[in-house]
Amino acid sequence: MSEEKVSEELKDESEVAVDVENGSKTTEDTVLEEIQEVQEEEPERDLEKELADAQKEIADLRDRMLRGAAENENFKKRVERERLASLKYAGETIFREILPVVDNLERAVGQGIIEGAPAEKNLAALLEGVQLTLKSLIATLAKFEVKTIESVGKPFDPTHQEALTMAESDAVPANHVMTEFEKGYNYKDKLLRAAKVVVSSGKKDEESKE
């Protein structure tokens, strides 16, 4: 190594030593000062207060959750009570509509028996009252979508009719309904009661040919 280079290095080291002695700042000192300044700028955290706030928020959330669960349970109970009441009094509307029919029957019976009047007149009055009551009852059933099944003269339908017996008939074709023993009824689109009917087996001559 040349004497000039050695002398330069010694000079540099001496300058650094002088700087340190004179209180010049090094890079490490600068970084430490910056960290200290940042720490001084940040507000001091109150951990106890933060913990208390968090606990209060948790308590509020738990309280809301419990109240929500209680309200939901009360709602379910109220709906169940209303459902049971609805089932218990489901026929109230129908019975209210039928009561006038009962009134009409009572009036028909009362008016059909008049003291001193001929038996035929009493019978005629009673018959008229019963016919009016029957008409009223059929109208009430129709209001609730209960309708009769037309059977007489129609082809026999085992899905809506029950054959009690078969009989010969010159007027009604074979496998058609001759008469009804009991009318059939539909409730909306559902069979409420099948009609009980007598079915024609056709003319006697046709039966013998077979």
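A quick note: this is a predicted structure, and the numbers were derived from the prediction, not measured. (Residues numbered from 1 in each chain as written. Predicted model: local features only at pLDDT ≥ 70, side-chain atom pairs only at ≥ 80, totals over all residues. Heavy atoms only, no water.)

## Details of the sheet that holds strand β3 (residues 177-182)
Point 1. As summarised here, the arrangement of the 3 strands in space is β2-β6-β3, forming an open sheet in which the pairing is mixed. The two strands at the open ends of the sheet, each matched to only one other strand, are β2 (161-168) and β3. Geometrically, the sheet is characterised by an average inter-axis angle of 30° between neighbouring strands, direction not taken into account.
Point 2. Relative to strand β6 (residues 195-202), β2 runs parallel, the two being bridged by 7 bridges. The residue of β6 that forms the bridge with threonine 165 is valine 198. (Pairing = 2+ DSSP bridges. Helix = DSSP H or I, 4+ residues; strand = E, 2+ residues; numbered from the N terminus. Axes fitted to C-alpha atoms, helices over the stretch in contact; angles between N-to-C directions.)

## Let's talk about the pattern of salt bridges
Point 1. On inspection of all chains with the given rule, the structure shows 9 salt bridges.
Point 2. One salt bridge in this structure joins aspartate 60 and lysine 56, with 3.4 Å as the shortest N-O distance. In this pair, aspartate 60 and lysine 56 are both assigned in helix α3 (residues 47-88), 4 residues apart and thus about one turn of the helix distant.
Point 3. What makes aspartate 60 partly exposed here is its relative accessible area of 34%.
Point 4. Linking lysine 183 and glutamate 180 is a salt bridge whose minimum nitrogen-to-oxygen distance equals 3.3 Å.
Point 5. Here the salt bridges do not stand alone but share partners, grouping Glu182, Arg193 and Lys196 into one network. (Salt bridge = Lys/Arg side-chain N within 4 Å of Asp/Glu carboxyl O. Buried < 20%, exposed > 50% of the residue type's maximum accessible area, 1.4 Å probe, protein only.)

## Description of the sheet that holds strand β4 (residues 184-187)
Point 1. Strand order in the open sheet formed by 3 strands is β1-β4-β5, and the pairing between neighbours is antiparallel. This sheet does not close on itself; its edge strands, each paired only once, are β1 (146-149) and β5 (190-193). For this sheet, the mean angle separating the axes of adjacent strands, direction not counted, is 40°.

## Section: the side chain of serine 169
Point 1. Inspection of the secondary structure assignment puts serine 169 in the loop between β2 and β3.
Point 2. The exposure class assigned to serine 169 is buried, which follows from its relative accessible area of 9%.
Point 3. Separated by 3.2 Å, the side chain of serine 169 and the backbone nitrogen of alanine 171 make a polar contact.
Point 4. Excluding anything up to four places from it in sequence, serine 169 contacts Met178, Ser200, Gly202 and Lys203. (Polar contact = N/O pair within 3.5 Å; in protein donor to acceptor, adjacent residues only side chain to side chain. Contact = heavy atoms within 4.5 Å.)

## A short note on the side chain of serine 151
Point 1. Relative to the helices and strands, serine 151 is located in the loop between β1 and β2.
Point 2. Taking relative accessible area as the criterion, serine 151 reaches 1% and is therefore assigned buried.
Point 3. Side chain to side chain, serine 151 and glutamine 161 meet in a polar contact 3.2 Å long.
Point 4. When near neighbours in sequence (up to four residues on either side) are disregarded, serine 151 contacts Gln161, Val177, Glu180, Ala195 and Val197.

All we've got here are geometric facts, nothing functional implied.
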